[in-house]
Amino acid sequence: MGDVSATSSVPTERTTTGPTRRGQWWGVGAAIFAIAWGGNEFTPLLVMYKNSHGLSGPVVDALLFAYVVGIVPALMIGGPLSDRFGRAPLMRPAPIIAAIGSIILAVGADHVSLLVIGRICSGVALGLAMAVGSSWIKELSGPPFEAAGSATRGARRAAMSLTAGFGIGAAAAGVLAQWAPLPDSLAYLVNVALCAIGAIWVMRPPETVDPSTAPRSLREDLTITAAGHRRFIRVVIPVAPWVFGAAAAAYAVLPTLMAQKVGDLQIAYAALVTLVTLSAGFGVQSVARRIDRPDRARSSVTALGLLIVGMAMGAWASTVLNPWLTLVTGAVLGCGYGMALVAGLAEVGRIAEPADLAGLTAVFYSLTYLGFAAPVVLALVHDAVPALTYPVLFAFGVVLAIASLVAVLTQYRVRETADESVRTG
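This structure is a prediction, so every number in the text was calculated from the model and none was measured.

Student: Help me out: how do you make sense of the overall build of the protein chain in this one?
Tutor: Scanning the protein chain for helices and strands turns up 18 helices and two strands. Looking at the protein chain as a whole, 58% of its 425 residues are labelled buried. Contacts in the protein chain between residues far apart in sequence, at least 24 positions, make up 85% of those at least 6 positions apart. Accessible surface, the protein chain: about 16,000 Å² in total, of which carbon and sulfur atoms supply 68%.

Student: Which parts of the structure should I look at to understand empty space enclosed by the protein?
Tutor: Where empty space is left in the structure can be found by rolling a water-sized probe over the atoms. With the rule as written, the count across this model stands at two cavities of 30 Å³ or more. Of the volumes computed, that of the largest cavity is approximately 80 Å³. Looking at the lining of the largest cavity, the elements with two or more residues in it are α7 (112-140), α8 (153-179), α15 (323-351) and α16 (357-368). Here the lining of the largest cavity is built from residues that sort into five nonpolar, five polar and one charged.

Student: What exactly am I supposed to notice about helix α2 (residues 46-53) here?
Tutor: Helical periodicity: at 3.6 residues per turn, an α-helix aligns residues three or four positions apart in one direction. Every buried residue of α2 is accounted for by L46, V47, M48, Y49 and H53. Contact partners of the buried residues in α2: α3 (57-66), α7, α8, α9 (186-201) and α12 (266-286). Trailing α2 by a residue or two, G54 shows a phi angle of about 70 degrees, which is positive.

Student: Just to check I follow, could you spell out the side chain of N191 for this structure?
Tutor: Relative to the helices and strands, N191 resides in helix α9. If we skip the residues at most four places from it in the chain, N191 touches A34, W37, G38, E41, A98 and S102.

Student: What exactly am I supposed to notice about the nonpolar core here?
Tutor: The tendency in soluble globular proteins is for nonpolar side chains to be buried as a group. One finds Y49, M91, L126, F364 and Y369 to be the most contacted residues of the largest nonpolar core, which totals 117 residues. Looking at this core element by element, the count peaks at 16 residues for helix α11 (residues 230-257). Residue contacts for F364: discarding those within four places in its chain leaves F232, V236, A240, V243, A340, L341, G344, L345 and V348.

Student: Hey, could you run me through the pattern of salt bridges in this one?
Tutor: For side chains bearing opposite charge, pairing can occur when the charged atoms are close. One pass over the full model with this rule turns up seven salt bridges. One salt bridge connects R87 with E139, and the closest N-O pair in it is separated by 2.5 Å. Taken as a pair, R87 in helix α5 (residues 87-91) and E139 in helix α7 lie far apart in primary sequence, 52 residues in all. Accessibility expressed as a relative area gives 0% for R87, which makes it buried. A residue is classified by how much of its surface remains accessible, and E139, at 5% relative accessible area, is buried. Each of the salt bridges in this network shares a partner with another, and the network as a whole consists of R231, D292, E347 and R350.

Student: Is there a simple way to explain the environment of V363 in this structure?
Tutor: The residue V363 is located in helix α16 in this model. Residues V363 and I237, 126 residues apart in the sequence, show an inter-C-alpha distance of 9.6 Å. Apart from residues lying up to four places away in sequence, V363 is in contact with M76, I224, A227 and F232.

Student: For this particular structure, what's the right way to read helix α18 (residues 390-409)?
Tutor: Taking 1.5 Å per residue as the helical rise, α18 with its 20 residues ought to reach 28 Å, and the 29 Å between its terminal C-alpha atoms agrees with that figure. Of the surrounding secondary structure, the elements contacted by the buried residues of α18 are α11, α14 (298-320) and α17 (374-384).

Student: Hey, could you run me through the packing of aromatic side chains in this one?
Tutor: What characterises a pair of aromatic rings is the spacing of the ring centres plus the angle enclosed by the ring planes. Taken as a whole and assessed by the stated rule, the structure comprises eight aromatic pairs. Their ring planes at 25 degrees and their centres at 5.1 Å tell us that F42 and Y49 sit as a pair that is stacked. We classify F42 as buried; its relative accessible area is 0%. Judged by its relative accessible area of 0%, Y49 is buried. Site record: aromatic cluster; members linked through ring pairs are Y67, F166, F244, Y337 and Y369. Across the ring face of Y67, the terminal group of R119 is positioned such that the distance to the ring centre comes to 4.1 Å.

Student: Looking at this structure, I do not really get the environment of G133. What am I missing?
Tutor: Its location among the elements puts G133 in helix α7. By relative accessible area, G133 is classed as buried at 0%. In this structure, the C-alpha to C-alpha distance between G133 and R87, residues 46 residues apart in sequence, is 7.4 Å. Look past the residues within four positions of G133 in its chain and what remains in contact with it is V28, I32, M91 and L128.

Student: Can you walk me through a nonpolar patch on the surface in this structure?
Tutor: There is a patch of nonpolar side chains on the surface, built from W26, I197 and W201 and spanning about 340 Å² of accessible area. The residue W26 is located in helix α1 (residues 25-40) in this model.

Student: Got a minute to help me understand the side chain of S300 in this structure?
Tutor: As for its position among the elements, S300 is in helix α14. For S300, a relative accessible area of 3% corresponds to the buried category. Discounting residues that sit within four places of it in the chain, S300 has contacts with V235, V239, A343 and V408.

Student: When you look at the confidence of the model for the protein chain in this model, what are you seeing that I'm missing?
Tutor: The predicted coordinates should not be examined in detail at positions where pLDDT is low. Considering every residue of the protein chain, the mean pLDDT works out to 86; 89% of them sit at 70 or more. In this model residues 1-20 is a low-confidence stretch, pLDDT under 50, and it forms 58 contacts with partners more than four residues away in sequence or in other chains. Considering only residues more than four positions removed or in separate chains, one finds that residues 416-425, a stretch of pLDDT under 50, has 22 contacts.

Student: Where do I start with the packing of α1 against α7 in this structure?
Tutor: Describing two packed helices takes the angle between their axes plus the distance from one axis to the other. The geometry of α1 relative to α7 is characterised by a closest axis approach of 9 Å and an angle of 155 degrees between their N-to-C directions. One way to sum up the angle between α1 and α7 is to call them roughly antiparallel. The crossing of α1 and α7 is left-handed. Residues W25, V28, G29, I32, I35, A36, G38 and G39 of α1 touch α7, and the partners they reach there are R119, S122, A125, L126, A129, G133, S134, W136, I137 and L140. Looking at side-chain class alone, the contact of α1 with α7 contains eleven nonpolar, six polar and one charged residues.

Parameters at a glance
- Residues numbered from 1 in each chain as written.
- Predicted model: local features only at pLDDT ≥ 70, side-chain atom pairs only at ≥ 80, totals over all residues.
- Heavy atoms only, no water.
- Helix = DSSP H or I, 4+ residues; strand = E, 2+ residues; numbered from the N terminus.
- Buried < 20%, exposed > 50% of the residue type's maximum accessible area, 1.4 Å probe, protein only.
- Contact = heavy atoms within 4.5 Å.
- Areas by Shrake-Rupley, 256 points an atom, 1.4 Å probe, with all protein chains shown as cover.
- 1 Å grid on protein atoms, 1.4 Å probe; cavity = no way out; pocket = protein on both sides within 12 Å on 5 of 7 lines; lining within 4 Å.
- Points joined across faces, edges and corners; volume = space filled by probe spheres on them.
- Nonpolar A, V, L, I, M, F, W, Y, C, P; charged D, E, K, R; others polar.
- Core = buried A, V, L, I, M, F, W, Y, C linked by side-chain atoms within 4.5 Å.
- Salt bridge = Lys/Arg side-chain N within 4 Å of Asp/Glu carboxyl O.
- Expected span 1.5 Å × (residues − 1).
- Phe/Tyr/Trp six-rings, centres within 6.5 Å; stacked < 30°, edge-to-face > 60°.
- Lys NZ or Arg CZ within 6 Å of the ring centre and 35° of its normal.
- Patch = residues over 30% accessible without salt bridge, like charges linked within 9 Å, V, L, I, M, F, W, Y side chains within 5 Å.
- pLDDT = per-residue confidence, 0-100.
- Axes fitted to C-alpha atoms, helices over the stretch in contact; angles between N-to-C directions.
- Parallel < 35°, antiparallel > 145°, perpendicular 65-115°, else oblique.
- Left-handed = near helix turned anticlockwise from the far one by under 90°.

Structure, rendered in structure tokens:
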């Protein structure tokens, strides 16, 4: 475990004296679900923006990545601040910010500047949900709010709330844009309604962190010393970028390559690939506790094994351009995404002290979103060097995944106790 001791100068978990109710985490989970819905509903609409609004491929890919500009600052600042001031003050505004982002996107289909602003707002909300909401769920999933249970219960609940929102939001947006009226805006307006429900529901869960009575400096709060933990460096970091790197490869890259094979159903097909990918990720998260072991990196190794197979299948699918093979590839990459997400959150939960849980969660999620640059990078590399075709680039992804697996295997077993944990740097 970390070497940050809980003193009067850092937030500590709130103790309760009266009876508690199970299921307090549902309010936070509902808010995360609504925010994740808004964050990913843009993905299957990429084809619509290209075909109906004349945006170029690189511009659309850049818009997909734009919300990382909002995510990373919200993660890196919101997480540590919630360790200092509590989860509720940082998380409760997040669904409102997400709703504002969806409103801007609903009216900005023909204005790139508005799309950028809307995506950034969605990113800010999602960053808060991931760092603060995930930590809040973890704390509400154990004593004193619930009886002790699986060590990964909180991580699985947070990951499943996030993945369900990502998957259902993208699927609904694709269906509405393909067949419903107001294709430019209806999906976003549905999200506004969901965010309103989430904003109300998230008012109910109790605070889990006591505001510090002798606060550290802001600089100390924003310095996440647990990020130097040996296991974080050697097990979490090699896996983290693959979380959304795998997802983005599955539902942002492959459907674009299949566009000519699915005719007029391009939006619906992109939504289907997204749904299949994230449904597989959701499903594997529900059985992750049977794979996870606190004394070894079994979950991380399993995730990378799935990703190696998935990237190899991506190379195959991008060669033969078969829409059905692409769906199967999405499912395999989705399993790798889901396993990597739970593995990372579980490791973070074991490494971090209560005083820097949200902060270390923020660092982890920031690293995962490096992978969301994959579609932009692949497109730029392919345009710059046409000989580097997508099959070749996916094959290179296989090599990177193998290298990540080798790195994790060097720290497969936990070699230090909580009192002997080693930090580097």
